[in-house]
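Residue-level structural notes
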Amino acid sequence: MYAYKREGMDEEIYVLCNFYGTKTNVELDLQELELLLSNYPDRIYENGVFVLRPYEAIAVKKSR
């Protein structure tokens, strides 16, 4: 799992990458975030936990 956060004056960008062949759970509030990029057409999100599937990567933006 690789996670990166970039902060600007009025927004934050998060990049999350799962480089493993197994699923990885990430606690993430998607209601505050805008999806910018994903290599899967859908997302698995339940009870505040985002599931990154094998080799899945996403980029999301949070406005302040």
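Up top is the structure these notes are about.
Read on for a plain summary of the structure.

**Regarding the nonpolar core**
Among the nonpolar cores identified, the biggest contains eight residues, and these are Leu16, Val26, Leu28, Leu33, Phe50, Leu52, Ile58 and Val60. Counting only elements with at least two residues in this core, the list comes to strand E6 (49–52) and strand E7 (57–63). Residues contacting Leu52, with those up to four places away along its chain left out, are Met1, Leu16, Cys17, Asn18, Thr22, Lys23, Thr24, Val26 and Ile58.

**Notes on the sheet that holds E7**
The pairing of strands in a sheet comes from backbone hydrogen bonds and takes either a parallel or an antiparallel form. Taking strand neighbours across the sheet as the criterion, the four strands line up as E1-E2-E7-E4 in an open arrangement whose pairing is antiparallel. A single partner strand is all that each edge strand has here, and the edge strands are strand E1 (2–7) and strand E4 (34–38). Across the sheet, the axes of successive neighbouring strands diverge by a mean angle of 15°, strand direction being ignored. Here six bridges tie E1 to strand E2 (residues 11–17), and the two strands are oriented antiparallel to one another. Within E2, the position partnered with Glu7 by the bridge is Glu12.

**Comments concerning the side chain of Asn18**
In this fold, Asn18 is placed in the loop between E2 and strand E3 (24–27). There is a polar contact of 3.0 Å between the side chain of Asn18 and the backbone nitrogen of Tyr20. The residues contacting Asn18, other than those within four sequence positions of it, are Met1, Lys23, Thr24, Leu52, Arg53, Pro54, Tyr55 and Glu56.

Reading the values: rules and limits
- Residues numbered from 1 in each chain as written.
- Predicted model: local features only at pLDDT ≥ 70, side-chain atom pairs only at ≥ 80, totals over all residues.
- Heavy atoms only, no water.
- Core = buried A, V, L, I, M, F, W, Y, C linked by side-chain atoms within 4.5 Å.
- Buried < 20%, exposed > 50% of the residue type's maximum accessible area, 1.4 Å probe, protein only.
- Helix = DSSP H or I, 4+ residues; strand = E, 2+ residues; numbered from the N terminus.
- Contact = heavy atoms within 4.5 Å.
- Pairing = 2+ DSSP bridges.
- Axes fitted to C-alpha atoms, helices over the stretch in contact; angles between N-to-C directions.
- Polar contact = N/O pair within 3.5 Å; in protein donor to acceptor, adjacent residues only side chain to side chain.

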